[in-house]
Amino acid sequence: MKKGFQLIALLAVVLLSSCSGGKDKATVEKVDEMPRVKLADVKARPVEQIHEYTATVEAEVKNNIAPSSPVRIDKILVEVGDRVSKGQKLVSMDEADLKQTKFQLDNQQIEFNRMDELYKVGGASKSEWDAAKMDLDVKQTAYNNLLENTSLLSPVNGVVTARNYDNGDMYSGGNPVLTVEQITPVKLLINVSETYFTQVKKGEPVSVKLDVYGDELFEGYISLVYPTVDATSRTFPVEIKLANKDQRVRPGMFARATLNFGTKDNVVVPDLAIVKQSGSGDRYVYVYKDGKVSYNKVQLGRRMGTEYELISGVPDNSQVVIAGQTKLVNGMEVEVEN
């Protein structure tokens, strides 16, 4: 009986050793299995340096029409949407102060004429004449100011884009009575990377699209290049003008301006090679060399169909991984699929 128990125990040990050995072998095989990847050969080639910038259309000139001091509005002569001409009367303010000042000015003129006659015949001194002339000039200036602020004129050819009061209202400051905007031409303001500071020239043509008009192109030109670079954003402002003779482009519209900075030789990779790091906006590419992959951070340029231009991150004449990235880590050995 004792020998029977020993035999059973010996068999159990052999079975356990056999099972354990098989499991260890499978584990080793699993560890030794390398990730399989697909590669693409990439190299540098000339790429047009086309950049799109978004902006909001602005009026060439925006004028707020209002008197310089509180006064009652007599009559507003235009409505929102009306086209107005430079020098056109837009608003009549209450004339009570103007009439009173005109009466005082007339009296001052009479007093000065009398003083002038006396001075000519020696009946008044030069200092008395100077004082009378100064009083007349002061009253004339006051009248001119009131006249300018009683009849409000348009300083530009444009369109009325806002009306904030009605006839009979008391203007007491704050919002202007009217807003007039010159929309022939209109302008856009974009911020361009300092990389292109030496390449942006005044007068160069610019293609502009407006979301409201789809793919229709509007021709503009660079009207102003600001001379300094913002130290925080590393960009500089560029002003673009559109002639807008038909006035189809209006302030507030969303625009996309395209600038072409020529061509530059940069590495181009398939979009399948780009890996986005979760939790950040960084992009990476796995580069294959000597049986291993390296995890390279890249700076993207233009997207061209199913390809991306890379500004940096991948050397010329490299091989990059385009399939199998999910199992990879930096420095890992991989098996390449044919």
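Since this is a predicted model, take the numbers as computed values, not measurements. (Residues numbered from 1 in each chain as written. Predicted model: local features only at pLDDT ≥ 70, side-chain atom pairs only at ≥ 80, totals over all residues. Heavy atoms only, no water.)

So, helix H3 (residues 126-150)
- With 25 residues, H3 should reach 36 Å at 1.5 Å per residue; the first-to-last C-alpha distance of 36 Å fits that figure.
- Within H3, the full set of buried residues consists of Trp129, Ala132, Leu136, Tyr143, Asn149 and Thr150.
- Against strand S5 (89-93), helix H2 (96-120) and strand S6 (151-153) lie the buried residues of H3. (Helix = DSSP H or I, 4+ residues; strand = E, 2+ residues; numbered from the N terminus. Expected span 1.5 Å × (residues − 1). Buried < 20%, exposed > 50% of the residue type's maximum accessible area, 1.4 Å probe, protein only. Contact = heavy atoms within 4.5 Å.)

Some words on the side chain of Gln325
- Mapping Gln325 onto the fold places it in the loop between strand S18 (318-323) and strand S19 (335-336).
- Overall, Gln325 belongs to the buried group, its relative accessible area being 15%.
- A distance of 3.2 Å separates the side chain of Gln325 from the backbone oxygen of Val321, its partner in a polar contact.
- If we skip the residues at most four places from it in the chain, Gln325 touches Leu272, Ala273, Val275 and Tyr286. (Polar contact = N/O pair within 3.5 Å; in protein donor to acceptor, adjacent residues only side chain to side chain.)

Points about the nonpolar core
- Val57, Leu188, Ile190, Val192, Val200, Val208 and Leu259 are the most contacted members of the largest nonpolar core, which totals 26 residues.
- Elements supplying a minimum of two residues to this core: strand S1 (36-56), strand S9 (178-193), strand S10 (205-210), strand S11 (217-225), strand S12 (235-242) and strand S13 (254-270).
- Take this core: its biggest share by element is 5 residues, from S9.
- Those residues in contact with Ile190 that lie beyond four places of it in its chain are Tyr53, Thr54, Ala55, Phe236, Pro237, Val238, Ile240 and Leu259. (Core = buried A, V, L, I, M, F, W, Y, C linked by side-chain atoms within 4.5 Å.)

Brief notes about the packing of aromatic side chains
- The final tally for this structure, using the stated rule, is 8 aromatic pairs.
- A centroid spacing of 4.9 Å and a plane angle of 80 degrees characterise the contact between Phe197 and Phe236, whose relative ring orientation is edge-to-face. Of this pair, Phe197 sits in the loop between S9 and S10 while Phe236 sits in strand S12; the two residues are 39 residues apart in sequence, bridging distant segments of the chain.
- Its relative accessible area of 31% is what places Phe197 among the partly exposed residues.
- The exposure class of Phe236 is buried, given its relative accessible area of 0%. (Phe/Tyr/Trp six-rings, centres within 6.5 Å; stacked < 30°, edge-to-face > 60°.)

Overview of unusual backbone geometry
- Residue Pro185 follows Thr184 across a cis peptide bond; omega there is 5 degrees.
- Note on placement: Pro185 falls in strand S9.
- Despite not being glycine, Arg234 shows a phi value in the positive range, around 55 degrees.
- With respect to the helices and strands, the residue Arg234 is situated in the loop between S11 and S12.
- In the Ramachandran plot, Gln247 falls in the positive-phi region, its phi being about 55 degrees despite a non-glycine side chain.
- Here Gln247 lies in the loop between S12 and S13.
- Given a relative accessible area of 15%, Gln247 falls into the buried group.

A short note on a negative patch on the surface
- Taken together, the side chains of Asp74, Asp94, Glu95 and Asp97 present a region of like negative charge at the surface.
- One can find Asp74 in strand S3 (residues 71-76). (Patch = residues over 30% accessible without salt bridge, like charges linked within 9 Å, V, L, I, M, F, W, Y side chains within 5 Å. Areas by Shrake-Rupley, 256 points an atom, 1.4 Å probe, with all protein chains shown as cover. Salt bridge = Lys/Arg side-chain N within 4 Å of Asp/Glu carboxyl O. Lys, Arg positive; Asp, Glu negative; His and termini not counted. Charge placed at Lys NZ, Arg CZ, Asp CG, Glu CD.)

A closer look at the pairing of S13
- Inspection of the sheet shows S1 paired to S13 by 13 bridges, in the antiparallel sense. Across the sheet, residue Thr54 finds its bridge partner in S13, namely Arg256.
- Note that S10 and S13 share 4 bridges and pair antiparallel. Pairing of Leu210 across the sheet is with Ala255, part of S13. (Pairing = 2+ DSSP bridges.)

So, H2
- For H2, with 25 residues, the first-to-last C-alpha span of 36 Å sits near the 36 Å given by 1.5 Å per residue.
- Of all the residues in H2, the buried ones are Leu98, Thr101, Leu105, Phe112, Met115 and Asp116.
- Its buried side turned inward, H2 meets H3.
- Positioned one or two residues after H2, Gly122 has a phi angle of 85 degrees, which is positive.

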